[in-house]
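Listed below are the residues making up each chain.
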Amino acid sequence: MTAATNDYRNQNVSLPQLLGAGLRGLPRINTVLRGVYELITTGPDKPHSIGALVADWAQRTPQQIAIRDGERDISYAELNAEANRWAALLKRRGVGRGDSVAILLENRAELLVAVTAVVKLGAIGGMINHNQRGEVLAHSLGLIKPVALIVGDECSEALASVGDALPDSLGDRQFWLADGEASGACPTGLHCLRSEAGAESDANPAETATLPAKSPAFYIFTSGTTGLPKAAVMSHRRWLRAMAGMGLASLAMRADDVLYCPLPLYHNNALTVSWSAVLGGGATLAIARRFSASRFWDDVQRSGATAFCYIGELCRYLLAQPVSEAEQNHKVRVCIGNGLRPELWKEFRERFQIPHINEFYGASECNLVFTNTFDVDGSCGFCPLAFEVVAFDTASEQPLRDKRGRLVKVKRGDSGLLLAKVTERSPFDGYTNAEEGEKKLLRNGFKNGDCWFNTGDLVRKMGYRHIQFVDRTGDTFRWKGENVATTEVEAAVDTYPQVEQSVVYGVEVPGAEGRAGMAAITLAVPAAELDLATLAAHLQQQLPAYAVPLFLRLLDVIDTTSTFKSRRVELRDAGYAANGETVYMLAPGQQGYVPLSDELRAQLEAGELRL
């Protein structure tokens, strides 16, 4: 991958850029205006929902392809009818409005059928991360208290890891879905969803037409400072506003568009941003079971994609691939995602000939979104809702306040903490745990009685209501497109018998998106007795792959503050520099951690290691 020749990190927005983007959008102006109209008219009490949108497209364009899953094409009529049958079965088994249904599948068409069935009833889809195992998975299920579970055969091993810790609320409502011809018979204790729903009615449930937009649609799991997942609430209204603001007003999606999605559908990037953009225009969602850098452009070409979604790490992997014919011979007009590094922006646009990079900023629990409607290089985009960027103290990890106790706004071009104002127009839906939600709010920020959602992210104020992402704050860092909670990783490290204490943090790695995990540890045994291979195996068993620390630092003692908090900031700032201490790395091709030698460090600095 070559170095970018133009770094957009310090670029500010100019009026000519905005006017030029407006002229480029004229050919699809009707779609853009429809998006603006949807944003204005979608009130919280208005009957408007995801299920109703699917039903509407099934009536208007029944033969239009809704989902392209490899070689399978599923029309809107087929999607709607199958979802209705599954919804009828769930309803007959006692699932109703406000109930939670856990959905545990990998990316395939059946996941979207299941989601549609659940939300058509006014129930809530609990979008379980299929990488979770054991205690973490049991915790996630316990958070949402599901009355039913839909699990794919490919996730049977994950479900088995929970053992007898499944919530009692499930009762006899555990449904199984085969995964192609490789699947065997339905496991004992589970019901075959497809066969049992086969005789049910394919009519739209009565609940679908009357469901208010403010109703919760999904639980999206996110990692917080507790170290275990939290379930953020995604309402139909927020999902529909993403459809209007990003899918229509920004991407201008139409029925002749195909959006290729290789990201997991338990993430909002896929489930909300990508699927809502497709449903807004009655277009086609082409899904991949998982991301493959080597097959990406072949899949884009084969699916006929005119758009795709990304995260920053995906872009870096694509740039690291050899040049291919497929990467130039495609029909992509726009891509949407977040995390594309400013220094890679120009190279990514020019190499792959992407006319419009629609970077956005949002979070599962955040009450606003920025979207790069005007195609400003290096920007997360524009937001019309109320927000502020305020001064932030990285030592205390708290926003600064003046002598009057008020927050301090930063100037254009400066970086600070992004806050989103909580109003009736942009409410904070929160988490399933109200106490966790309150922790994310700042009150009396600029005047008595105001309320602001703390995003926990540092951004740069670019002008004309645009921002640029800088970094995450706090204990949670982002790696491989996933949020990693340090306390969750610390818990896994500390259970290894030879470790006395640990502190985990993220460190920057040359050419990589986000921060790689690093654990500073003190030992309960002499250093010569530390079994690095067994430690690595222990962490790989306890944690998802993206959460396993890439680096280890051996310390004699972990410094703490007067309030006994680990001095994480100093360790993070040191990165993987030796500083007179022993540093190890989980190097590619190695069975365990190995010393970070000068040769290995040089390969790392040169970007020669695939992390």
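Just above, that's the structure.
A few points on the structure. Keep in mind it's a predicted model, so treat the numbers as computed, not measured.

**Focus on empty space enclosed by the protein**
Next, step 1: By the definition in use, this model includes 1 cavity of 30 Å³ or more.
Next, step 2: The volume enclosed by the largest cavity comes to roughly 30 Å³.
Next, step 3: Taken together, Ile103, Leu105, Asn107, Leu111, Met127, Ile128, His130, Leu265 and Tyr266 make up the lining of the largest cavity.
Next, step 4: Residue composition of the lining of the largest cavity, grouped by class: 7 nonpolar, 2 polar and no charged.

**Description of helix α14 (residues 342–352)**
Next, step 1: With 9 of 11 residues buried, α14 is to be regarded as a mostly interior element.
Next, step 2: Of all the positions in α14, only Pro342, Glu343, Leu344, Trp345, Glu347, Phe348, Arg349, Arg351 and Phe352 are classed as buried.
Next, step 3: Against the buried residues of α14 lie α12 (296–303), β12 (307–311), α13 (312–320), β13 (334–338), β14 (356–361) and β23 (466–472).

**A closer look at the pattern of salt bridges**
Next, step 1: Per the stated rule, a full pass over the model turns up 33 salt bridges.
Next, step 2: Note that Asp299 and Arg302 form a salt bridge whose closest N and O atoms lie 2.7 Å from each other. Linking Asp299 with Arg302, this pair stays in helix α12, spanning 3 residues, or about one helical turn.
Next, step 3: Taking relative accessible area as the criterion, Asp299 reaches 16% and is therefore assigned buried.
Next, step 4: Arg302 sits in the exposed class, given a relative accessible area of 57%.

**Some words on the environment of Ile124**
Next, step 1: One can find Ile124 in strand β4 (residues 124–127).
Next, step 2: Ile124 sits in the buried class, given a relative accessible area of 2%.
Next, step 3: For Ile124 and Ile74, which are 50 residues apart along the polypeptide, the C-alpha to C-alpha distance reads 23 Å.

Rules used in this analysis
Residues numbered from 1 in each chain as written. Predicted model: local features only at pLDDT ≥ 70, side-chain atom pairs only at ≥ 80, totals over all residues. Heavy atoms only, no water. 1 Å grid on protein atoms, 1.4 Å probe; cavity = no way out; pocket = protein on both sides within 12 Å on 5 of 7 lines; lining within 4 Å. Points joined across faces, edges and corners; volume = space filled by probe spheres on them. Nonpolar A, V, L, I, M, F, W, Y, C, P; charged D, E, K, R; others polar. Buried < 20%, exposed > 50% of the residue type's maximum accessible area, 1.4 Å probe, protein only. Helix = DSSP H or I, 4+ residues; strand = E, 2+ residues; numbered from the N terminus. Contact = heavy atoms within 4.5 Å. Salt bridge = Lys/Arg side-chain N within 4 Å of Asp/Glu carboxyl O.

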